[in-house]
Amino acid sequence: SAPAARPRPAAAQSRSSSSSGPSDAGDRGIIVASRHADEETEDGRIRNREASTKIRDAWIYRQIRSRRDEFTQYKQGRVFVGTWNVNAKGKDENLSSWLCADWHEHGPPDVVVVGLQEMVDLNAMNVAVEGKSQSRSAFWVERVRSTLNSRQNTLGDPMRTYAELSVKYLVGLLVCVFVKAPHRPRVKYVHADSVGVGVMGVMGNKGGVSVRLQFYDSTLCFVCTHLAAHRENVIGRNNDFANIFQKTSFEIGKEAVEEVIRLGAMSQWSMGSGSVGLSDHDLVFWFGDLNYRVDETIPTERVLELSKKNQLEELIEHDQLNIERANGRVFAGFDEGPLTFIPTYKYQPGTDLYEERPDKKLRAPAWCDRILWLAQEPGHVAQLNYTRSELNVSDHKPVMSTFLVTIKDVILERREGVFREVMKMLDTYENNSLPMVSLDRIALDFGEVRYDQRVTLPIVITNTGQVVAQFRLVPKLDEVELCKPWLTVSPTYGMLIPGERTEIELTIAIDNATAHRLNCSREVLEDILILRLENGRDYYISVSGRYARSCFGMSVDELVLYTDPIREVPLDPILRAEKYDINAKAATCVPKELWRIIDAIYERGLDERDLFAAAGDSDEVYRIRECLDTGAAFEDYSVHSMTEVLTSFLSNLSSPIVPASILPSMDIDAQNIQMFTRKFLEDMLPVPYNVFIYIISFFREVLLHKQRNRLSPAKVAR
């Protein structure tokens, strides 16, 4: 069967559904059409022709896709993906052992994709300006082309040659895509994008370059990336992946999007957008120097020993990428073949020896260089091999993989026949009278909702009439959004034939901004949604919930007022005034919640290795927050979970401990540091001053244990 829709990976979901993501209209649902296009008839009915047309078209294509096997034939093709961190080296070495190694076994591939990292030195000059990137890009593309199209490979036959489709580079990153000559007429909508995630989160010393295309009637996307370095920086690599996944977008035009819709991306139709993201493709190949290492629990010397002996089982078990994927923190939905080759980094350039020279820093070998894939239909991809080349000019070895992929080829005459049948069925229903639907409930009470928690409730809509019913959510009068920022709705529109039913899911998520507004009594968990039936009536859906108050998202000045657990402090200012003296002075010097978590860390493990670097357990983090909010005693929680909660507490305060107004406005050096420090402390208000001194004192104590917890002032500052 042809590829079917598949849940978007977690990294992509954060773009539209994360409670901690940016609040915008896309987060709260799609507005199908503006209310300005509404038309009211004499009998009071409202119709929006723009919305009606979009919803109708989306439903038609959904019906056609459900019958796609009737008009689609499938072809087998081979895709080669190669990746290599060239360490700014490379002259005239033969690339055939990398790019053409398996041609004798599987035959020449139909599509060849090559990704490079560090094709130039990642120095400040090359990162800040284009530098040598353009010339080195042209150099490497020509080397790939000449290798693929060598006399040895083509035998002088033009149909065995490869045509360049696209090249994209970003500082040291390069991706180039070639297709076999006979397939070139069946390739279209080729577009490229780049995303920098390096210095300041935007520079190109780290990032991704991507190319997407339509190959016959399947959409393919190739992403070459270079993620954050250093063995301990797993979270940085995970964040780089998420940023690249979210930010990569291709402006392919509405005509191309309409074709993509027929192949599985219905949401694009109703938005009227001409762009697609990574997860809107049938197949995504992600490759490059991902920089994931072998976990630090295995000493460097042990990693070297096992790598040289080709004893991989223990190393694979402790591979950071495998660990992070297994825990759902990165590359959700992606697949990777088994690692059957020894680690590809770090080598002495020009040799096949791992770097162990006494004048060089000793690094643990690692599988930095990886190839993964994401398929809407997993059965449409089979990995034929996954191995490495022994080219030795760099400190990395090249990695390559060949895939057998199933490609869709639509027979247009058959598709038009299906289209006519669907339209005939639709016309039968549309020629009758007015639509009618029933909702299983029009009031949703979400009960108690906690900070950083998502709660979802459904509403079932049933077409109880004799005609097609089109529905959509519309903004309230004089408003532009469908609902309040803490509420998301999916789907926001639909179409039902008589007797058909569907669910609308409503989700409340309390992020930091919402928590702050709730704590300040500037927001309540109450909203009204308007469900409009095209050519019919409006339905009003009430939504309500109760916020379980949390210390997260509050200010330290308010937290020190209460000795009671914050969950017991009323949100309502009138009730709060009845229970507490609003003119009372601070009950504590620093928030009790801050004292409890720091005291727990102090008691449980200042000597813990990788303190403040390793991630905590998400379930424990939730329970620790509950203990802080309710006053319950801590259980035997991991110190890493404790440090994650401390970091989250401080970063989610409604106002910073150190306001921007007292930050230095001049360069600080040895001559003025004392004067600045005294002025800095004098300008701080009492409670932030207490908290600042308390935190600094705590971290000074933490650093006394740096020989065991491996922290440094620089790491603490990060």
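For the structure itself, consult the block above.
Residues numbered from 1 in each chain as written. Predicted model: local features only at pLDDT ≥ 70, side-chain atom pairs only at ≥ 80, totals over all residues. Heavy atoms only, no water.

**Q** Now, about the overall build of the protein chain: what can you tell me, with residues and values included?
**A** A tally of regular secondary structure across the protein chain gives 24 helices and 24 strands. Computed over its C-alpha atoms, the radius of gyration of the protein chain comes to 29 Å, within 12% of the 27 Å expected for a compact globule of 718 residues. Once the C-alpha set of the protein chain is aligned to its principal axes, its extents read approximately 90 × 85 × 45 Å. Looking at the protein chain as a whole, 52% of its 718 residues are labelled buried. Accessible area of the protein chain: about 32300 Å², with a carbon and sulfur share of 51%. Here the protein chain carries 86 positive and 100 negative side-chain charges, and the mean point of each set is 3 Å from the other. (Helix = DSSP H or I, 4+ residues; strand = E, 2+ residues; numbered from the N terminus. Rg over C-alpha atoms; globule rule 2.2 N^0.38 Å. Buried < 20%, exposed > 50% of the residue type's maximum accessible area, 1.4 Å probe, protein only. Areas by Shrake-Rupley, 256 points an atom, 1.4 Å probe, with all protein chains shown as cover. Lys, Arg positive; Asp, Glu negative; His and termini not counted. Charge placed at Lys NZ, Arg CZ, Asp CG, Glu CD.)

**Q** I'd like to hear about the sheet that holds strand β19 (residues 469–474), residue by residue, with values.
**A** Spatially, β17-β24-β23-β19-β21 is the arrangement adopted by the five strands of the open sheet, whose pairing is mixed. Where the open sheet ends on each side, the last strands, each with one partner, are β17 (443–449) and β21 (493–496). Adjacent strand axes in the sheet meet at a mean angle of 20 degrees, parallel and antiparallel pairs treated alike. Relative to β21, β19 runs antiparallel, the two being bridged by four bridges. Across the sheet, the residue bridging to Arg 472 is Tyr 493, located in β21. (Pairing = 2+ DSSP bridges. Axes fitted to C-alpha atoms, helices over the stretch in contact; angles between N-to-C directions.)

**Q** An account of the sheet that holds strand β5 (residues 162–170) is needed here, citing residue identities and associated values.
**A** One open sheet holds the six strands; their spatial order is β5-β6-β4-β3-β15-β14, and the pairing between them is mixed. What marks the edges here is a single partner per strand, and that holds for β5 and β14 (381–388). Averaged over all neighbouring strand pairs, the angle between strand axes comes to 20 degrees, with direction disregarded. Sheet topology places strand β4 (residues 111–117) next to strand β6 (residues 173–180); six bridges connect them, and they run antiparallel. When the bridges of β6 are listed, Val 111 appears paired with Val 179.

**Q** An account of the environment of Glu 255 is requested, with residue identities and associated values reported.
**A** Summarising the element assignment, Glu 255 is placed in helix α9 (residues 254–262). Here the alpha-carbon distance between Glu 255 and Gly 274, two residues 19 residues apart in the chain, equals 7.8 Å.

**Q** Could you give an account of the pattern of salt bridges, with specific residues and numbers?
**A** With the rule as written, the count across this model stands at 47 salt bridges. Note that Lys 308 and Glu 356 form a salt bridge whose closest N and O atoms lie 3.0 Å from each other. Taken together, the residues Lys 308 in helix α11 (residues 300–308) and Glu 356 in the loop between α13 (320–326) and β13 (369–375) connect sequence positions 48 residues apart. Two residues, Asp 629 and Arg 567, come together in a salt bridge whose shortest N-O distance is 3.5 Å. Of the two residues, Asp 629 is situated in helix α19 (residues 618–630) and Arg 567 in the loop between α16 (556–559) and α17 (573–579); the sequence distance between them amounts to 62 residues. (Salt bridge = Lys/Arg side-chain N within 4 Å of Asp/Glu carboxyl O.)

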